[in-house]
Each structure stands twice: as C-alpha cells, then as structure tokens.
Amino acid sequence: AVVSTQSTGFQEEESSGEQQDFDPTCFKSQMSHIYALVTYRATTNSYLLTVYNAETVPPYGPELAGEYPDHDHFKRLLLVKLINGEKAVYETPGFIKRRERTIDQLLQEIHSRYGNDHIGEITGRIIETTPRIGRKKKKQKAAQLQEKGQNLKVQRIMTGKAPTSRHCISMSLQRRVTALVNWHCEDLALGLNYRVNCADFWEGYILLGTDTGLSIYNTTDSGGNLIEIYDNFIPRQIFVVEDLSVAVVRAEYCKNKSQHVLNFDLSTLTMKSGSTRNFKRKTKNERVQGTKGALLVSPYLTVASKLYLAVYKPKLIQLFEWIKIPGQGQGWFRAQNEFPVSDHVRCMSIFNRRSGLKICVGTSSEFLMIDADVGGTGDSDRKKCIEKLRYGIED
C-alpha cells in the first residue's frame, strides 16, 4: 500500500499578474501533512514554489529563495524538498504511533508463528551466524568514519561549496587554505604520560606546555627526544611569532601560583633542544614587567612586522608593544596603554583596522570593541567584534 504524506499542485499565474489564492485547510486528510504549490510565471519564465506544512512537521531544508528562472535547478530543488518533507513527516507524532503499532503487530506475528519451542533454536542460530566485533574495533571503525567525514566537510567548506561556507570562513582565508585541504596526521610517538595544556611550532620544532613545565621537541631529528627546559612553571598559553623570533608564554608558577607573561628568544630555545645539559633555571629575566596576575593574552603581528600584545588581568586590559633595537640582543615588551573593564573577560582578540588598532573583548554579558589609542568603545563595531572572536576573520 502506498500512503500519500504530501500533495503537489500546479497553477499558472493569471495575465493580470495576481496569484490565485490557495487554502490548504479546505482539504480534510489524516495522512497529507505537506502541500507544495508550484506557480509558473510566464512574464519572467520562472517558477515559484510555496510549501504549506502541518504544525507537527519539524523543519526541513532546503530553504526557498523566491523565483527560480533556472528550470533544471528548480526541478532538482523540488525533488529534494519533497523527499526531505516526506522524511520529516515520518517524525510527526501521528506517524510515530503508527510505526510503533506496526512493529508491535509484526513482533506478535513472529511470536505466534514460531512459538516458544523454536526460541532457543532461533537464538542459537543468530548467535552462530552473527560476527562478533570487539569494542576496540568498533571504536576504531567509528573514528575512521568520523575522520573521513570531517575531512570531506572541511574540503567543501574551504572550497566554498558548502551552503554555510560564506558564513563560516572569510574569503581571504578560503583562498589561503584551499591549497592545504590535503592535510594528514603524523604520529610523533612522544610517549607523554602527562597532559599537554598548549603548544605551538616553528621550523620543525614543537614547543609544548605540559603539567610538568615547558618542553621542546625537534621533529627533524628521527632519534630526538622531548627535552624539558623549564620546570618551575606550568604554561597556559603559547604563541610563537616566527618573523620576530619570539615565543610568548603565559605561565602559572608552581611555587606561589602567580601568573606572568614570559618572552623567549627562539634561537635560544633551538640551542637548548640540541643539548643534553640541564637548562632548568629561573625565568626572572624573561618576565614581562607589569603582567603579574595575567589571565589571558592575545598577540598580533601587523603587516609592518610590529608586534602588539594584549594582556587581561582582573578588571584591567594592558597593551604592550615589542621593542627591539638592532645590535642590543633580545628585545622586550613596553607598556603602551591600559583600559579598565568591569566584567570578567572570557575571550579577546587584537587586530588592526583603517581607524587604528582595536582590541575585541568578549565578557560574560557583552562584546566590546576597544580603541587601543584612546580606549573608547562603540556599538558600531559590535558585529565585527563578534565575528572576530567567533571565526577569527581577518581584515
């Protein structure tokens, strides 16, 4: 038996340009939940699709977008819309009850036909013929399928073929990442027995922040080991700025639980990775002055290779600029400005616009765009601020 869950009608627009009224309530049916009305407009040689759904039908796609002058595209859209509508109707309470009643009748018929005398024989037959799959293999297969699906999804989003591509990623980022969709995972087999809190990399080196301290690993050395270079603090955030040979670390000291921002020279860390000598020592010289109690940091490198650092402390945001004089060794961060905030900051991003440097802040209750020069905030940039924090869109 074929049950009709939806009905499709066709009408041609009158010469006056007015569309005839269609009232789905004039139909009395317990099965039809969806009515699709197709209207042809001869003036524009296009089609218009109008769909009427019952209140119990859940939402389904694709979304409709006015007239469709492309007839082939409209044909595919109509088929997809009707198929998805039929699947959505099956999830309504009326069809769920009918499905449960049908399954109950089938089970009763099976029980009455085979009876209790054959239950043991049927059960044994099922157990013998059903292949046994271990829990570990099930997890591995599920992980492989998930990884394959995620790769396909990423490829469609990055190439702009997914329906949500324009909402999820900026065009500039699409152009840069389109050529990098064929990424693959490489297991380094570090053999870590503790949790990794944060990490970053540059030129074949990986800087790891674990519960035991700051470590470095040389990926180009096949026989290399993970070398722990500092053990007196726990890194919470790591940012490597390769252009300036700087690594910024927000760390929590093990002794007094105080949090500071540290900056390291990448060349020094690279030298330590190739030595077996113990470099665990104090980091007083690497601390950025005035950053005690830092709860969040956000660096930004401009096109002119100027490095800025936004540091959030309780009820205060500080802005630092990287200063390095040629011939005087390692550079340092110099405080530029500070801005009071009344609410707890949960996320933060610093970037540059035509009007100057901006700090986008997401608090517990609102989003703020702070002018790094004067410290003012405005609602006009609130939408841009939300996009920056949510998707990391670049200017």
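Shown above is the structure to which this text applies.
Residues numbered from 1 in each chain as written. Predicted model: local features only at pLDDT ≥ 70, side-chain atom pairs only at ≥ 80, totals over all residues. Heavy atoms only, no water.

Undergrad: Break down the nonpolar core for me, citing the residues and quoting the values.
TA: By size, the foremost hydrophobic cluster in this structure holds 19 residues, and its most contacted members are W202, L207, L214, F233, F264 and L269. When residues of this core are traced back to their parent elements, those giving at least two are β5 (196-202), β6 (205-210), β7 (213-218), β8 (227-230), β9 (233-241), β10 (246-253), β11 (259-265) and α7 (266-273). With residues up to four places along the chain from it excluded, the contact list for L269 reads W202, L207, I216, I229, A247 and F264. Among the nonpolar cores identified, the runner-up in size contains 17 residues, and I317, L319, V341 and A372 belong to it. (Core = buried A, V, L, I, M, F, W, Y, C linked by side-chain atoms within 4.5 Å. Buried < 20%, exposed > 50% of the residue type's maximum accessible area, 1.4 Å probe, protein only. Helix = DSSP H or I, 4+ residues; strand = E, 2+ residues; numbered from the N terminus. Contact = heavy atoms within 4.5 Å.)

Undergrad: Which residues make up the pattern of salt bridges, and what are the values?
TA: Inspection of every chain in the model, using the stated rule, returns 6 salt bridges. The salt bridge partner of R113 is E109, with a shortest N-O separation of 3.0 Å. A residue pair is termed a helical-turn pair when its members lie 3 or 4 positions apart in one helix, as R113 and E109 do in helix α2 (residues 93-114) at 4 residues. Classification of R113 by relative accessible area gives exposed; the value is 58%. Residue D371 is joined to K358 by a salt bridge in which the shortest nitrogen-to-oxygen separation is 3.6 Å. One end of the pair, D371, is in strand β18 (residues 367-371); the other, K358, is in strand β17 (residues 356-363), and 13 residues separate them in sequence. As far as the burial class goes, D371 and K358 line up, both buried. (Salt bridge = Lys/Arg side-chain N within 4 Å of Asp/Glu carboxyl O.)

Undergrad: Can you explain the sheet that holds β11? Please cite residues and give values.
TA: Backbone hydrogen bonds hold the strands of a sheet together, and the pairing may be parallel or antiparallel. Within the open sheet, the 3 strands sit side by side as β9-β10-β11. Their pairing is antiparallel. Two strands lie at the open edges of the sheet, namely β9 and β11, each paired on one side alone. Averaged over all adjacent pairs, the angle separating strand axes in this sheet is 25 degrees, with direction ignored. Inspection of the sheet shows β9 paired to β10 by 8 bridges, in the antiparallel sense. The partner of F239 across the bridge, within β10, is V248. (Pairing = 2+ DSSP bridges. Axes fitted to C-alpha atoms, helices over the stretch in contact; angles between N-to-C directions.)

Undergrad: Describe the pairing of β7, and please don't skip the residues or the numbers.
TA: Among the 6 residues in β7, 6 count as buried, and that is most of the element. Both β6 and β7 contribute to a ladder of 6 bridges, which runs antiparallel. Bridging across to β7, G209 finds its partner in L214. Counting the residues in the hairpin turn of β6 and β7 gives 2 residues.

Undergrad: Residues and numbers for the environment of P24, please.
TA: Structurally, P24 can be placed in the loop between β1 (6-12) and β2 (34-41). Between the C-alpha atoms of P24 and L37, which are 13 residues apart in sequence, the distance is 10.0 Å. Sequence-distant contacts of P24, that is, excluding residues within four places in its chain, are made with Y35 and Y52.

Undergrad: So what about the sheet that holds strand β15 (residues 332-340)? Which residues, and what values?
TA: Spatially, 4 strands are ordered β12-β13-β14-β15 in an open sheet, and the strand pairing comes out antiparallel. Each of the sheet's edge strands pairs with one partner strand only, and the pair in question is β12 (296-301) and β15. Neighbouring strand axes in the sheet, compared pairwise and without regard to direction, differ in orientation by 20 degrees on average. One ladder, built from 6 bridges, connects β12 with strand β13 (residues 307-313); its direction is antiparallel. By the bridge assignment, L296 is partnered in β13 with Y312.

Undergrad: Tell me about the side chain of S258, and name the residues and values.
TA: Relative to the helices and strands, S258 is located in the loop between β10 and β11. At 2.9 Å, the side chain of S258 forms a polar contact with the side chain of N256. Those residues in contact with S258 that lie beyond four places of it in its chain are A251, E252, Y253 and K292. (Polar contact = N/O pair within 3.5 Å; in protein donor to acceptor, adjacent residues only side chain to side chain.)

Undergrad: Quick one: what's the story with the packing of aromatic side chains, residue by residue and with numbers?
TA: Overall, the coordinates contain 9 aromatic pairs when judged by the stated rule. Their ring planes at 40 degrees and their centres at 5.7 Å tell us that Y68 and F74 sit as a pair that is tilted. The exposure class of Y68 is buried, given its relative accessible area of 8%. On the basis of relative accessibility, which here comes to 5%, the residue F74 falls in the buried class. Ring centres of Y90 and F95 lie 5.7 Å apart, and the angle between their planes is 65 degrees; on these two criteria the pair is classed as edge-to-face. With a relative accessible area of 32%, Y90 lands in the partly exposed category. Three or more aromatic residues joined by ring pairs form one cluster here, namely Y40, Y47, Y68 and F74. It is R98 that lies over the ring of F95; its NZ or CZ is 5.4 Å from the centre. Cation over ring: R287 sits above Y253, and NZ or CZ is 4.6 Å from the ring centre. (Phe/Tyr/Trp six-rings, centres within 6.5 Å; stacked < 30°, edge-to-face > 60°. Lys NZ or Arg CZ within 6 Å of the ring centre and 35° of its normal.)

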